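Breakdown of the fold
Residues per chain, in single letters:
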Amino acid sequence: MVGANRLENANPLIYQRTGERHLTAQEEDEDVADKIDDREIFDLIRSINDPEHPLTLEELNVVEQVRVKVNDDESVVSVEFTPTIPHCSMATLIGLSIKVKLLRSLPERFKVDVHITPGTHVSELAVNKQLADKERVAAALENSHLLEVVNQCLAIKSS
């Protein structure tokens with residue numbers, strides 16, 4: 001939150017959640033190797049909590065399936081996220097939460113790239129530079145307060 005109790009975006013637009021993915025018997029079979037796809041990555045990040053609002057990143061349209069790209073053969077995941085306002089001070093925290101969720105969930109072979117949708121934030125280049133820097137990400141996660149905030153964003157909220 002910004003200031004004492006002032007939100008940067010007090011009245012964000014709220015979007016309808018995408019329906020749940022229906023898994024096939026083959027996808028549920030642990031003995032069958034299936035490739036990780038865009039929807040699987042989207043399903044991992046869609047329920048991340050916004051640090052300012054009691055809403056998910058999907059409900060705020062910060063993450064969308066069309067902005068997730070996966071190349072399983074090359075072990076690359078790329079996620080673009082769109083802050084709700086161009087001067088959002090939470091952009092780095094949101095990006096860090098997405099990156100941490102994916103690093104914790106995916107096999108180590110994957111390279112995870114998380115960045116702001118081009119043209120949607122005033123500090124886009126600076127935020128993207130921070131999120132791409134492994135040392136900065138590792139240092140951020142050594143900060144116990146910041147790690148606690150990230151973990152709150154990643155916590156499953158009961159409906």
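Residues numbered from 1 in each chain as written. Predicted model: local features only at pLDDT ≥ 70, side-chain atom pairs only at ≥ 80, totals over all residues. Heavy atoms only, no water.

**Comments concerning a negative patch on the surface**
Here is the rule we go by: For patch detection, residues must exceed 30% relative accessible area and be free of salt bridges, and they are connected within 9 Å for like charges or within 5 Å for nonpolar side chains (Val, Leu, Ile, Met, Phe, Trp, Tyr). Here the open area of atoms and residues is found with the Shrake-Rupley method and a 1.4 Å probe, where only the protein chains shown may cover a residue. Here, a salt bridge means any side-chain nitrogen of Lys or Arg that lies within 4 Å of a carboxyl oxygen of Asp or Glu. By the counting scheme adopted, Arg and Lys are positive, Glu and Asp are negative, and His together with the chain ends is not counted. Just so you know, the charge point we use is NZ for Lys, CZ for Arg, CG for Asp and CD for Glu. Segments assigned H or I by DSSP are reported as helices when at least four residues long, segments assigned E as strands when at least two residues long, and all are numbered from the N terminus. Each residue is assigned to one of three classes by its accessible area relative to the maximum for its type, calculated with a 1.4 Å probe on protein chains only: buried under 20%, partly exposed between the two thresholds, exposed over 50%.
Taken together, Glu30, Asp31, Asp34 and Glu40 make up a surface patch of like negative charges. Here Glu30 shows up in the loop between α1 (25-28) and α2 (38-45). Overall, Glu30 belongs to the exposed group, its relative accessible area being 74%.

**Describing the packing of helix α3 (residues 91-105) against helix α4 (residues 124-132)**
Any two packed helices are characterised by the angle at which their axes cross and by the distance between the axes. Spelled out, the test is: Only the stretch in contact is used when a helix axis is fitted, and all axes are lines through C-alpha atoms; the angle between N-to-C directions ranges over 0 to 180 degrees. An angle below 35 degrees is read as roughly parallel, one above 145 as roughly antiparallel, one from 65 to 115 as roughly perpendicular, and any other as oblique. The sense of a crossing depends on the near helix, which, turned anticlockwise from the far helix by less than a right angle, makes the crossing left-handed and, turned clockwise, makes it right-handed. The contact criterion used throughout is that any non-hydrogen atoms of two residues lie within 4.5 Å.
At their nearest, the axes of α3 and α4 sit 10 Å apart, and the two run at 30° to each other. As summarised for this structure, α3 and α4 are arranged roughly parallel, according to the angle between their axes. In this structure, α3 meets α4 at a crossing whose hand is right-handed. Here Ala91, Thr92, Gly95, Leu96 and Lys99 of α3 lie close against α4, whose contacting residues are Val127, Gln130, Leu131 and Ala132.

**Examining the pattern of salt bridges**
Per the stated rule, a full pass over the model turns up eight salt bridges. One salt bridge connects Asp43 with Arg39, and the closest N-O pair in it is separated by 2.8 Å. Of this pair, Asp43 and Arg39 both sit in helix α2, four residues apart, which is roughly one turn of the helix. With a relative accessible area of 14%, Arg39 lands in the buried category. Sharing partners across several salt bridges, the network here consists of Arg39, Asp43, Arg46 and Glu58.

**Things to note about the nonpolar core**
Taken as a class, soluble globular proteins show a tendency for nonpolar side chains to be buried jointly. The following threshold applies: Among buried residues, those of type Ala, Val, Leu, Ile, Met, Phe, Trp, Tyr and Cys that are joined through side-chain atoms within 4.5 Å constitute a nonpolar core.
The biggest cluster of nonpolar side chains holds 38 residues, and the ones touching the most others in it are Ile41, Phe81, Ile98 and Leu102. Every element with two or more residues in this core is listed here: α2, β1 (68-71), β2 (76-81), α3, β3 (111-116), α4, α5 (134-142) and α6 (144-154). Sort the elements by how many residues they give to this core and α3 lands first, with seven residues. In this view, Ile98 contacts Ile45, Ile48, Leu57, Val63, Val79, Phe81 and Val114; residues no more than four positions away in its chain are not counted.

**Describing the environment of Leu44**
Structurally, the position occupied by Leu44 is in helix α2. Sequence separation of Leu44 and Lys101 is 57 residues, and the distance between their C-alpha atoms is 7.4 Å.

**Focus on the sheet that holds β2**
Here is the rule: The rule for pairing is simple: two strands pair if DSSP sees at least two bridges between them.
Ordered in space as β1-β2-β3, the three strands form an open sheet in which the pairing is mixed. Of all strands in the sheet, those bounded by a partner on one side alone are β1 and β3. The average undirected angle you get between the axes of adjacent strands in this sheet is 10°. In terms of strand pairing, β2 meets β3 through six bridges, oriented parallel. Across the sheet, residue Glu80 finds its bridge partner in β3, namely His115. With respect to the sheet, α2 is in contact with β1 and β2, its orientation differing from that of β1 by roughly 130°.

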